[in-house]
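Structural overview
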Amino acid sequence: MSESAMSAAGEAPGLAVDSHTAAAEMHAQDSESDSEESEMAEAPARDSAAEIPVTSNGEDVKHMMTGGPTLKETRIVSSSYGSPSEGIIEAEPYRGSSFFPKNPVMFPSNAAATRLAEHAQDVSGHAGGLKNTQSGPVVITDDISKNIALEKLEQVKKWSISTYKCTRQVLSEKLGRGSKTVDLELESQIEILRDTKKKYENLLRLARQMATQFYQVVQTQRQLGDAFGELSVKSPELHEEFGYNAETQKLLCKNGETLLGAINFFIASVNTLVNKTIEDTLIAVKHYENARIEYDAYRTDLEELNLGPRDAITIPKIEQSQLQFQIHKEKFDKLRGSVSVKLKFLDENKIKVMHNQLLLFHNAVSAYFAGNQHQLEQVLKQFHIKLKAPGSEGPSWLEEQ
């Protein structure tokens, strides 16, 4: 708005007067408002208020336009100052407030659009990666499950067939109908080994019984020696007699403990021979006998198939039976050779161990009952036997508390 219009308004406060140029500009703006509402919405509110200075009542046009939703647009129609139609303001229907513009449509620059597109691609790629990496646990497919189930079923089937054939072979042997593969030399060695184990077990039982009873004798001798010693102190007239007996019982008790050490060493060695060495060999013999039963079962099955007719159905069965027979034959021969070697080494080891232990037992018992304490101690040194000290058994449960 020009300075002449402002001065004119100041000179005539009762009229809303503007210059001819301002009226023409307002008229042109009003004529284009119907087609360009978006441009009117973006115009600041203060510009429209500045173009219309005052009303006839002296109120600010800006204040009138903020009056509410019934506000009307105003337009000055006077063409010149001092005309008869001066001060007339026409009102038109409200087409929208310029103070509440619509959301403008923004057009970013090419650089900004490029950055937004790259950011969207990065976000989508990252989301896709998360989707791939955060997949659920690997699920075993149906094919793998079926293969495992089929393998287990095949194993159960083979085990059932083998068990049936072996059971039939054992029953046939017991009833005297089936043939049996026998290695006479090996079978005799196995029978000797089993008989030897029974005899050694009886020897071990007796040695343990002797050790238990002799331990009680040694304990009685110790108590008797203590009683003689106490009476030697309390009976002056029999001091020497009680003293001699106390010393004799204490010496016998000491020698008895030495003999007990030798007997316990003998028991431990025989126990290892019987329950470890011989038992391991007998376990190998048991595996050999099971392999022999399987071998005879498949041998009998193959013989029965060979006696029957040969056609397109039986030939594959014969070939399969021949394959199984060959597998069990190799297993049987291998175990038979292993058992023969173990029996040989066991016999050598048994002779060596029992020779030393029998010599120990004889020398220890002879020296003890002969009263030769020096010879008894030499026996222990010869076999590297160390006796436990009287208080080396360990503390009692009360002392541990």
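Residues numbered from 1 in each chain as written. Predicted model: local features only at pLDDT ≥ 70, side-chain atom pairs only at ≥ 80, totals over all residues. Heavy atoms only, no water.

The next thing to look at is the overall build of the chain. When helices and strands are counted, the chain shows 12 helices and 2 strands. Counting every position in the chain, which comprises 401 residues, the buried fraction comes to 27%. Of the contacts made within the chain by residues no fewer than 6 positions apart, 73% connect residues no fewer than 24 positions apart. (Helix = DSSP H or I, 4+ residues; strand = E, 2+ residues; numbered from the N terminus. Buried < 20%, exposed > 50% of the residue type's maximum accessible area, 1.4 Å probe, protein only. Contact = heavy atoms within 4.5 Å.)

Before going further, it helps to examine the nonpolar core. Of all hydrophobic cores here, the largest spans 44 residues; its most connected members are Leu259, Ile267, Ile278 and Val339. By residue number, the principal contributor to this core is helix 9 (residues 239–307), which donates 18 residues. Residues in contact with Ile267, not counting those within four places in the same chain, are Leu204, Ala207, Arg208 and Ala211. (Core = buried A, V, L, I, M, F, W, Y, C linked by side-chain atoms within 4.5 Å.)

Further remarks concern the environment of Leu376. Checked against the element boundaries, Leu376 lands in helix 11 (residues 373–382). On the basis of relative accessibility, which here comes to 1%, the residue Leu376 falls in the buried class. Other than its neighbours up to four places away in sequence, Leu376 contacts Asn255, Thr258, Leu259, Ala364, Ala367 and Tyr368.

Let us look at the pattern of salt bridges. Across all of its chains, the model carries 16 salt bridges by this definition. Linking Asp195 and Lys199 is a salt bridge whose minimum nitrogen-to-oxygen distance equals 3.2 Å. You can see Asp195 and its partner Lys199 sitting in helix 8 (residues 184–234), 4 residues apart, about one turn around the helix. Its relative accessible area of 38% is what places Asp195 among the partly exposed residues. Owing to a relative accessible area of 54%, Lys199 belongs among the exposed residues under this scheme. Between Arg292 and Asp296 there is a salt bridge, with its nearest N and O atoms 2.7 Å apart. Residue Arg292 and its partner Asp296 are located together in helix 9, separated by 4 residues, close to a single helical turn. A relative accessible area of 0% means that Asp296 is categorised as buried. (Salt bridge = Lys/Arg side-chain N within 4 Å of Asp/Glu carboxyl O.)

Let's shift gears to the environment of Val341. With respect to the element layout, Val341 can be found in helix 10 (residues 314–370). Along the chain, Val341 and Thr281 lie 60 residues apart, while their C-alpha atoms are 10.0 Å from each other.

The next subject is the side chain of Ser232. Tracing the backbone shows Ser232 in helix 8. On the basis of relative accessibility, which here comes to 6%, the residue Ser232 falls in the buried class. Residue contacts for Ser232: discarding those within four places in its chain leaves His239, Phe242 and Gly243.

With 34 residues, helix 7 (residues 142–175) extends 49 Å from end C-alpha to end C-alpha; this agrees with the ideal 50 Å at 1.5 Å per step. Among the residues making up helix 7, those that are buried are Ser162, Lys165, Cys166 and Gln169. Among the structural elements, helix 9 are those in contact with the buried residues of helix 7. Just past helix 7, the residue Gly176 takes up positive phi, approximately 80 degrees. (Expected span 1.5 Å × (residues − 1).)

This paragraph deals with the packing of helix 8 against helix 9. Where helix 8 contacts helix 9, the axes come no closer than 7 Å and their chain directions differ by 160 degrees. Between helix 8 and helix 9, the angle falls in the class roughly antiparallel. Here the hand of the crossing between helix 8 and helix 9 comes out left-handed. Class assignment for the residues of the contact of helix 8 with helix 9 results in 31 nonpolar, 13 polar and 11 charged. (Axes fitted to C-alpha atoms, helices over the stretch in contact; angles between N-to-C directions. Parallel < 35°, antiparallel > 145°, perpendicular 65-115°, else oblique. Left-handed = near helix turned anticlockwise from the far one by under 90°. Nonpolar A, V, L, I, M, F, W, Y, C, P; charged D, E, K, R; others polar.)

Looking at helix 11, one finds that the buried residues are Leu376, Val379 and Leu380. With its buried residues spanning 95 degrees around the axis, helix 11 presents them on a single face. Opposite the packed face of helix 11, turned more than 90 degrees from it, sit the exposed residues His374 and Lys381. Packed against the buried residues of helix 11 are helix 9 and helix 10. For helix 11, the side-chain oxygen to backbone nitrogen distance between the N-cap and His374 is 3.4 Å, and the N-cap itself is Asn372. Positive phi shows up at His384, right after helix 11, with a value of about 55 degrees. (Arc of directions from axis to C-beta. Polar contact = N/O pair within 3.5 Å; in protein donor to acceptor, adjacent residues only side chain to side chain.)

To continue, consider the confidence of the model for the chain. Summary statistics for the chain give a mean pLDDT of 73 and a share of 61% for residues scoring 70 or more. The least confident element of the chain, judged by mean pLDDT, is helix 1 (residues 3–11) at 41; the most confident is helix 8 at 94. Low pLDDT, under 50, characterises residues 96–108; the predicted model gives this stretch 10 contacts beyond four residues in sequence or across chains. (pLDDT = per-residue confidence, 0-100.)

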